[in-house]
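Observations on the model geometry
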Protein chains: 2
Amino acid sequence: MTGFTLDPRITAVSIGVTGLWLSELRLINDARFPWLILVPRVHGAEEVVDLTKADRAALCEEITAVSQALLSTTGCDKLNIGALGNLVRQLHIHVVARFAADAAWPGPVWGNGTSVAYEAEERDRLITNILTALPS
Amino acid sequence: MTGFTLDPRITAVSIGVTGLWLSELRLINDARFPWLILVPRVHGAEEVVDLTKADRAALCEEITAVSQALLSTTGCDKLNIGALGNLVRQLHIHVVARFAADAAWPGPVWGNGTSVAYEAEERDRLITNILTALPS
């Protein structure tokens with residue numbers, strides 16, 4: 001994991017939630033969607049296939065844990081999971097709680113409209129709920 | 001796997017490529033993007049978390065194999081991987097070869113414009129190349 005640093009374009013739009021075994025878990029600062037990203041702490045990784053098999057398995061289970069936490073915390077209608085990276089190449093995986101009434105439904109959240117920053121209280125409550133729902 | 005059938009909205013827009021251990025591999029009939037989907041043969045699954053841990057691990061490795069085949073076959077600039085399902089609930093995972101000059105770049109392919117059906121020759125060549133690139 002030597003040399004890993006978060007891309008400043010990721011830190012600029014997100015808030016640290018916790019460090020998982022492989023990935024940094026961060027909340028995208030957009031109150032329109034409960035939207036988490038996982039950033040594996042692997043220097044230079046841009047694609048899922050850049051990870052070792054063991055790291056891919058760990059990532060898969062971290063995505064699962066985060067998915068379950070978002071489902072139980074938000075009661076969303078659907079999860080959207082994505083690894084795109086067309087703009088920011090550093091490997092990061094989106095896990096987004098979607099609602100049939102949300103601002104982008106049924107389209108994807110990526111590239112949709114303009115983000116709306118959280119109020120501090122709402123942000124802190126969501127982060128606390130997610131941390132509580134994650135397996136310890 | 002009892003009771004599994006492909007959603008007709010998936011068969012309507014895609015062409016069968018092969019059956020992997022867990023998933024049906026299909027090509028989206030849109031010549032604008034080399035775009036594959038994996039559909040795990042698990043009746044009723046809508047979210048990745050609906051799969052068992054063993055099936056999730058298998059799916060992760062099938063996504064990896066398909067990703068590597070698309071990378072080597074197309075020489076694309078980036079892979080986009082996504083599990084959305086806002087319109088078609090049956091669990092299906094997109095693996096899309098993206099190019100900096102493609103019709104949707106840098107946005108996502110989902111919901112972008114109108115699909116362009118393949119010419120038969122181009123479709124068959126792409127499928128043959130993908131099958132050749134997949135581990136046997």
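Just so it is clear, the structure is predicted and the values come from calculations on it, not from any experiment.

Now for the environment of Ile81(B). Among the structural elements, Ile81(B) can be located in strand β4 (residues 78-83). A C-alpha to C-alpha distance of 4.6 Å links Ile81(B) and Val95(B), two positions 14 residues apart in sequence. When near neighbours in sequence (up to four residues on either side) are disregarded, Ile81(B) contacts Val48(A), Ile81(A), Gly82(A), Ala83(A), Ile63(B), Ser67(B), Ile93(B), His94(B), Val95(B) and Trp110(B).

So, about the packing of aromatic side chains. Taken as a whole, this structure holds three aromatic pairs over all chains when the rule is applied. Look at Phe33(A) and Trp35(A): their rings are 6.2 Å apart centre to centre, the planes differ by 70°, and that puts the pair in the edge-to-face class. Where Trp110(A) meets Trp110(B), the ring centres are 5.8 Å apart and the plane angle is 45°; that geometry is what we call tilted. Pair noted here: Trp110(A) is in the loop between β5 (93-98) and α3 (120-133) and Trp110(B) is in the loop between β5 (93-98) and α3 (120-133), and the two residues belong to different chains. A relative accessible area of 10% places Trp110(B) in the buried class.

A word on the interface of chain A and chain B. As a measure of interface size, the accessible area lost when the parts come together is often cited. Taken together, the contact between chain A and chain B spans 30 residues of the former and 30 residues of the latter. Roughly 2,600 Å² is buried in total at the junction of chain A and chain B, and carbon and sulfur atoms are behind 57% of that figure. A per-residue breakdown of the area chain A buries against chain B is headed by Val49(A), Lys78(A) and Asn86(A), which together make up 23% of the total. At the boundary of chain A with chain B, the tally comes to four salt bridges. Across the pair Arg56(A) and Glu61(B) runs a salt bridge, and its minimum N-O distance is 2.9 Å. Summed over the shared surface of chain A and chain B, the number is 22 residue pairs in polar contact (both at pLDDT 80 or more). Every element with two or more residues in the side of chain A that touches chain B is listed here: α2 (53-74) and β4 (78-83) of chain A. Ranked by residue count, the leading element in the side of chain A that touches chain B is α2(A), at eight residues. Here β4(A) runs beside β4(B); their pairing, made up of three bridges, is antiparallel.

Enumeration over the complete set of coordinates arrives at 16 salt bridges over all chains. The salt bridge involving Glu47(B) is made with Lys78(A); its shortest N-O contact spans 2.9 Å. You can see Glu47(B) sitting in the loop between β3 (35-40) and α2 (53-74) and its partner Lys78(A) sitting in strand β4, one on each of two chains. For the pair shown, Glu47(B) and Lys78(A) are each scored as buried. Residue Arg123(B) is joined to Asp124(B) by a salt bridge in which the shortest nitrogen-to-oxygen separation is 3.0 Å. Of the residues examined, Arg123(B) reaches a relative accessible area of 25% and is grouped as partly exposed. Taking relative accessible area as the criterion, Asp124(B) reaches 38% and is therefore assigned partly exposed.

Each value, and the rule that gives it
Residues numbered from 1 in each chain as written. Chains lettered and ligands numbered in written order. Predicted model: local features only at pLDDT ≥ 70, side-chain atom pairs only at ≥ 80, totals over all residues. Heavy atoms only, no water. Helix = DSSP H or I, 4+ residues; strand = E, 2+ residues; numbered from the N terminus. Contact = heavy atoms within 4.5 Å. Phe/Tyr/Trp six-rings, centres within 6.5 Å; stacked < 30°, edge-to-face > 60°. Buried < 20%, exposed > 50% of the residue type's maximum accessible area, 1.4 Å probe, protein only. Buried area = accessible area lost by both parts, 1.4 Å probe. Salt bridge = Lys/Arg side-chain N within 4 Å of Asp/Glu carboxyl O. Polar contact = N/O pair within 3.5 Å; in protein donor to acceptor, adjacent residues only side chain to side chain. Pairing = 2+ DSSP bridges.

From the geometry alone we can't say anything about function, so treat these as descriptive.
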